[in-house]
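# Structural overview
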Amino acid sequence: MNKEFGVPFGVTQSGEEVRELTLDNGVLTAKVLTFGGTLRTLTVPGRNGPVDVVLGYDTVAEYEANSGYFGALVGRFANRIARGNFTLNGKAYALACNDGPNHLHGGTVGWSHRVWTVAEAAADKAVLTLDSPDGEEGYPGHVRATVTYALEGDTLSIRYEAVSDQDTPCNLTNHSYFNLSGQGSGPVLDQELKLYCSAYTPTDSASIPLGTVDPVEGTPMDLRAFTPIGAHIDEPFQQLEWGHGYDHNFVVDGRPGVMRPAAQARSRATGVVMEVETDSPGVQLYTANFVEDGRKGKGGAAYGFRHAFCLETQHFPDTPNRPNFPSATLKAGERYRQTTRFRFSLEEP
C-alpha cells in the first residue's frame, strides 16, 4: 500500500521499503517518512527566507543506526516506565529495559523503528497506520494506531488515535528536535522558550518520576516567561545536573483533554516563532543533552550537544506505576485521541 504514495527513500536492514511523502500548503512544507512515521523536514517562513526547523537524516541507515528518535512517532508508551514493569488489572507485565534499568519509548523496537502504512495522502495531509500485536515488547492487547499529519495554514497538526482489544498503556508523541534558527545552525541556548506550566514532575537520577508534582516557582524550572534556553540550564540544581540539562516532564496548565497552550519558542536570528497547543496532560522538554558533537545530519550538517530542543506532548512518565498521575490506560474498545498543533509566525525585527 505504501507504494501508492510518496517516493522511495530507502530500505531497512530487514528489507522493508521506506517511502517519503511531501506535504505542502504554500505556507509550510513537511516531509514525512514511513519509517517511524518520522517528520524529516519542516520548512517554515523565516525573516530572510524559508527555514527547515527540525533535525534529521538523509538515509534510512542513519535513522536505524543513530540514537535519539529524531522526528519519530513514539509508542506504545512514550518516555520511561520504571524497571520495565507495571501491573494492570491485577496482572504483572515485564517490558524490555532499553534505557539502563528502565523501559524507554516503547522498547527495543518501538513504533519509532517500525514501518508505518500510508492509508491516505494528499497535498497537505498524510494518514499513517500501524498494527501492534498483542505481546509486542511485552504490552498487552492488539493495538491499531492512526496518526494524521496535516498542514492547516500556518500550523502543523498531529492527530493521534488508537484502539485496543485489551486494556493497555498508551501514550503517543512525536519526538522532533527543533532548532528555530535552522537545522545545523548550532546550539539553541540563545533561543527563547516559554512554558505554560506551573509545575513539573521531578525525577531520580535515572529520569524516573519521584511521584510528586512540584511547583516550578523559585527554581530554574520556571520558564513561564520567555527565557533563553541557556539562561539557567547549567545552574547547580540537582534536577538539571542529573538530566545534564532539561529533560523533564512539565504539567501543562489547564484541564487535560482540552486544547490549550503548552509552549512558545522563538529565534531572534530568523524571527521564527513557534506556538505549541495540546490536549495532553504534560510536555517533556529535552535539550538534546545526549547528542554528541559532530553527529552528521541532513545535507552534511553537523549536530551536537544542545543543538535542538524537543517538546514532547505526553502523559506523564511512569504513569502505569503512578496511580496519582492522570491515567494512561487505553480501555478495550475505547478510542485513544490526542492532538498537538505547532503554529508558526514571524516576529518583527
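For the structure, check the block above.
Residues numbered from 1 in each chain as written. Predicted model: local features only at pLDDT ≥ 70, side-chain atom pairs only at ≥ 80, totals over all residues. Heavy atoms only, no water.

### Focus on the pairing of strand E1 (residues 7–11)
Side-chain direction in a regular strand flips from residue to residue, so the side chains alternate between the two faces of the sheet. This is how it is decided: Strand pairing is defined by DSSP finding a minimum of two bridges between the two strands. Secondary structure counts use DSSP, requiring at least four H or I residues in a row for a helix and at least two E residues in a row for a strand, with both numbered from the N terminus.
Sheet topology places E1 next to strand E2 (residues 17–24); four bridges connect them, and they run antiparallel. Note on E2: the bridge partner recorded for Pro8 is Arg19. In textbook terms, the turn of a hairpin is the stretch between consecutive antiparallel strands, and for E1 and E2 this stretch comprises five residues, one of which, Gly15, has a positive phi near 95°.

### So, the sheet that holds strand E27 (residues 310–314)
Taken together, the five strands give an open sheet; going across it, the order is E19-E18-E21-E24-E27, and neighbouring strands pair in antiparallel fashion. Looking along the sheet, the strands with just one partner apiece sit at the ends: strand E19 (214–215) and E27. When strand E21 (residues 247–252) meets strand E24 (residues 282–286), the two strands line up antiparallel, connected through five bridges. Pairing of His248 across the sheet is with Leu285, part of E24.

### Observations concerning the pattern of salt bridges
Quick reminder of the rule: Salt bridges are defined by distance alone: a side-chain nitrogen of Lys or Arg within 4 Å of a carboxyl oxygen of Asp or Glu. Note on exposure labels: buried denotes an accessible area under 20% of the residue type's maximum, exposed denotes more than 50%, and partly exposed covers the range between, all computed with a 1.4 Å probe on protein chains only.
Considering all chains together, one arrives at 22 salt bridges under this definition. The residue Asp58 makes a salt bridge to Arg40 at a minimum N-O spacing of 3.1 Å. Taken together, the positions of Asp58 in the loop between strand E5 (49–52) and helix H1 (60–65) and Arg40 in strand E4 (residues 39–46) put the pair 18 residues apart, joining distant regions of the chain. Taking relative accessible area as the criterion, Arg40 reaches 10% and is therefore assigned buried. Bridged by salt links that share partners, the residues Glu192, Arg266, Arg268 and Glu347 form one connected network.

### A look at the sheet that holds strand E23 (residues 272–278)
The strand order across the open sheet formed by nine strands is E11-E12-E13-E14-E29-E23-E22-E17-E20, and the pairing between neighbours is antiparallel. Each edge of the open sheet carries a strand with a single partner, namely strand E11 (117–122) and strand E20 (227–228). Of the pairings in the sheet, the one linking strand E22 (residues 260–266) to E23 comprises six bridges and is antiparallel in character. Opposite Gln264, over in E23, you have Glu275 as the bridge partner.

### Details of the packing of aromatic side chains
Selection rule: Centres within 6.5 Å are what make two rings of Phe, Tyr or Trp a pair, Trp counting through its six-membered ring; a difference in plane orientation under 30 degrees is then read as stacked, over 60 as edge-to-face, and the rest as tilted. Put simply, a charge is over a ring when the Lys NZ or the Arg CZ is close to the ring centre, within 6 Å, and near the line of the ring normal, within 35 degrees.
For the structure shown, the criterion picks out 12 aromatic pairs. Relative to Phe309, the ring of Phe178 has its centre 6.1 Å away and its plane inclined at 35°; by these criteria the two rings are tilted. Taken as a pair, Phe178 in the loop between strand E16 (173–174) and strand E17 (192–195) and Phe309 in the loop between strand E26 (302–303) and E27 lie far apart in primary sequence, 131 residues in all. Owing to a relative accessible area of 0%, Phe309 belongs among the buried residues under this scheme. Linked through ring pairs, Tyr57, Tyr63, Phe70, Tyr177, Tyr286 and Tyr303 together constitute an aromatic cluster. It is Arg266 that lies over the ring of Phe226; its NZ or CZ is 3.7 Å from the centre.

### Things to note about the environment of Val54
Heads up, the rule is: Any two residues having at least one pair of non-hydrogen atoms within 4.5 Å are treated as being in contact.
Among the secondary structure elements, Val54 is positioned in the loop between E5 and H1. Apart from residues no more than four positions distant in its own chain, Val54 is found in contact with Leu39, Arg40, Thr41, Leu42, Ser176, Tyr177, Phe178, Gln183 and Lys298.

### Comments concerning the state of the cysteines
Defined as follows: By convention in this document, the label disulfide applies to cysteine sulfur atom pairs within 2.5 Å.
Under the counting rule described, the total for this entry stands at zero disulfides. Distance from the sulfur of Cys170, which forms no disulfide, to the nearest cysteine sulfur (Cys97) is 20 Å. A disulfide-free cysteine, Cys197 has its sulfur positioned 15 Å from the sulfur of Cys310, the nearest such atom.

### Let's talk about the side chain of Gln284
Let me state the cut-off plainly: Nitrogen and oxygen atoms within 3.5 Å of one another constitute a polar contact, given that in protein one can donate a hydrogen and the other can accept it, and given that sequence-neighbouring residues count only through two side-chain atoms.
With respect to the helices and strands, Gln284 occurs in strand E24. Its relative accessible area of 3% is what places Gln284 among the buried residues. Of the polar contacts made by the side chain of Gln284, one reaches the backbone nitrogen of Asn249; its length is 3.1 Å. Setting aside anything within four residues of it in sequence, one finds Gln284 in contact with Asn79, Asp247, His248, Asn249, Cys310, Leu311, Glu312, Gln314 and Pro317.

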